[in-house]
Amino acid sequence: EDQVTQSPEALRLQEGESSSLNCSYTVSGLRGLFWYRQDPGKGPEFLFTLYSAGEEKEKERLKATLTKKESFLHITAPKPEDSATYLCAVLRVDQTGANNLFFGTGTRLTVIP
Amino acid sequence: EAEVAQSPRYKITEKSQAVAFWCDPISGHATLYWYRQILGQGPELLVQFQDESVVDDSQLPKDRFSAERLKGVDSTLKIQPAELGDSAMYLCASSLETSHFHNEQFFGPGTRLTVL
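Residues numbered from 1 in each chain as written. Chains lettered and ligands numbered in written order. Predicted model: local features only at pLDDT ≥ 70, side-chain atom pairs only at ≥ 80, totals over all residues. Heavy atoms only, no water.

S.K.: Would you mind going over the sheet that holds strand E1 (residues 5-7) of chain B with me for this structure?
M.R.: What holds strands together in a sheet is hydrogen bonding between their backbones, with the strands either parallel or antiparallel. Residue and element names in this part refer to chain B. What the four strands build is an open sheet, ordered E1-E3-E8-E7; its pairing is antiparallel. Lying at the two open borders of the sheet, with one neighbouring strand each, are E1 and strand E7 (65-68). Strand-to-strand twist of the sheet, defined as the mean angle between neighbouring strand axes without regard to direction, takes the value 15 degrees. (Pairing = 2+ DSSP bridges. Helix = DSSP H or I, 4+ residues; strand = E, 2+ residues; numbered from the N terminus. Axes fitted to C-alpha atoms, helices over the stretch in contact; angles between N-to-C directions.)

So, in structure tokens, the structure goes:
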């Protein structure tokens, strides 16, 4: 059975305090790993797609990395506006043969000024 | 910038009533998805369309939920009758096509449903 586990569930950081969010996965037929940011009451906003182990992508203070079993979202010197829930999702082939995203439960990040 | 549109943004209904949600995907996006997101959890796929055809509805509770995309553009998700456990955010997303390597999904703002 496919599983996506994100940790920690919640994270509080001081402004400027760097940290990492983890996404571990067990899935057959992985076709990609996606990171999304979700603000309260809004739809998820696309951040990154990673396709192969060793791949890295960066955007402003965020950097995503991928291994064969997990992905990390590194946040360098976060600011209060980085506060949000960060969702990890795997693109897989499900039992019907369709490609779709399977999401984790997210990490709720709070950055304190 | 092109966006996925959804309406209404909020819906309050009583149990046993019927509700409907509407989604207009980004122009040119062949694939459309409906997700349900319970507070504190990640989105769960309900149904996936490729143009006007259903590709995957294995997680759609078909006794009360229905979805259609008649002309392969906008889509409607219906619940009849609504139950208390249906209270959630209903998200619509679209992407170019399922076979596209990147398959990046763009989400709409969602419809927050509260069933009383």
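Next comes the rest of the account.
S.K.: Looking at this model, I keep getting lost on the state of the cysteines. Mind explaining?
M.R.: In protein chemistry, a disulfide is the covalent bond that joins the sulfur atoms of two cysteines. All names here are of chain A. For the coordinates displayed, the defined rule picks out two disulfides over all chains. Cys 23 shares a disulfide with Cys 88; S-S distance 1.9 Å. Looking down the S-S bond of the Cys 23 and Cys 88 bridge, the torsion is -55 degrees, so its handedness is left-handed. Of this pair, Cys 23 sits in strand E3 (residues 19-26) while Cys 88 sits in strand E9 (residues 84-93), and the two are 65 residues apart along the sequence. (Disulfide = S-S within 2.5 Å.)

S.K.: Any chance you could explain the packing of aromatic side chains here in plain terms?
M.R.: Geometrically, a pair of aromatic rings is defined through the distance of the ring centres and the angle of the planes. Taken as a whole, this structure holds ten aromatic pairs over all chains when the rule is applied. Between A:Phe34 and A:Tyr36 the ring centres are 6.4 Å apart and the planes differ by 15 degrees, which places this aromatic pair in the stacked class. A residue is classified by how much of its surface remains accessible, and A:Tyr36, at 0% relative accessible area, is buried. Considering the side-chain rings of B:Tyr35 and B:Phe107, the 5.4 Å spacing of their centres and the 40 degrees angle between planes classify their relative orientation as tilted. One end of the pair, B:Tyr35, is in strand E4 (residues 31-37); the other, B:Phe107, is in strand E10 (residues 106-107), and 72 residues separate them in sequence. (Phe/Tyr/Trp six-rings, centres within 6.5 Å; stacked < 30°, edge-to-face > 60°. Buried < 20%, exposed > 50% of the residue type's maximum accessible area, 1.4 Å probe, protein only.)

S.K.: Sorry if this is basic, but what is going on with the sheet that holds strand E7 (residues 62-66) of chain A here?
M.R.: Residues and elements named next belong to chain A. The strand order across the open sheet formed by five strands is E1-E3-E8-E7-E6, and the pairing between neighbours is antiparallel. Strands at the two margins of the open sheet, each flanked by one partner only, are strand E1 (3-7) and strand E6 (56-59). Going across the sheet, the axis of each strand differs from the next one's by a mean of 15 degrees, ignoring polarity. Bridge count between E1 and E3: five bridges; the pairing is antiparallel. Bridged to Ser 7 within E3 is Asn 22.

S.K.: Explain the interface of chain B and chain A to me, please; I cannot follow it from the model alone.
M.R.: With 25 residues of chain B at the contact, the number on the chain A side is 21 residues. Here chain B packs against chain A, burying approximately 1700 Å² in sum over the two surfaces, 53% of which is carbon and sulfur. Across the chain B-chain A interface, the total number found is zero salt bridges. Contributing elements (two or more residues each) for the side of chain B that touches chain A: E4, strand E5 (44-50), strand E6 (53-56) and strand E9 (88-95) of chain B. Examining the composition of the side of chain B that touches chain A, we find that three residues originate from one element, E4(B), more than from any other. (Contact = heavy atoms within 4.5 Å. Buried area = accessible area lost by both parts, 1.4 Å probe. Salt bridge = Lys/Arg side-chain N within 4 Å of Asp/Glu carboxyl O.)

S.K.: Any chance you could explain the pattern of salt bridges here in plain terms?
M.R.: Two side chains with opposite charge may pair up if their charged atoms get near one another. Taken as a whole, this structure holds eight salt bridges over all chains when the rule is applied. Salt-bridge contacts for A:Arg61 lead to A:Asp82; the nearest nitrogen and oxygen are separated by 2.8 Å. Of the two residues, A:Arg61 sits in the loop between E6 and E7 while A:Asp82 sits in the loop between strand E8 (70-75) and E9, which places them 21 residues apart along the sequence. Assessed through its relative accessible area of 21%, A:Arg61 is described here as partly exposed. The class of A:Asp82 is buried, set by a relative accessible area of 6%. Residues B:Arg64 and B:Glu83 are paired through a salt bridge, measuring 3.4 Å at the closest nitrogen-oxygen approach. Here B:Arg64, found in the loop between E6 and E7, pairs with B:Glu83, found in the loop between strand E8 (75-79) and E9; they are 19 residues apart in sequence, far enough to count as distant. When its relative accessible area of 12% is taken as the criterion, B:Arg64 is described as buried. Salt bridges linked by common partners bring B:Arg64, B:Glu83 and B:Asp86 together as one network.

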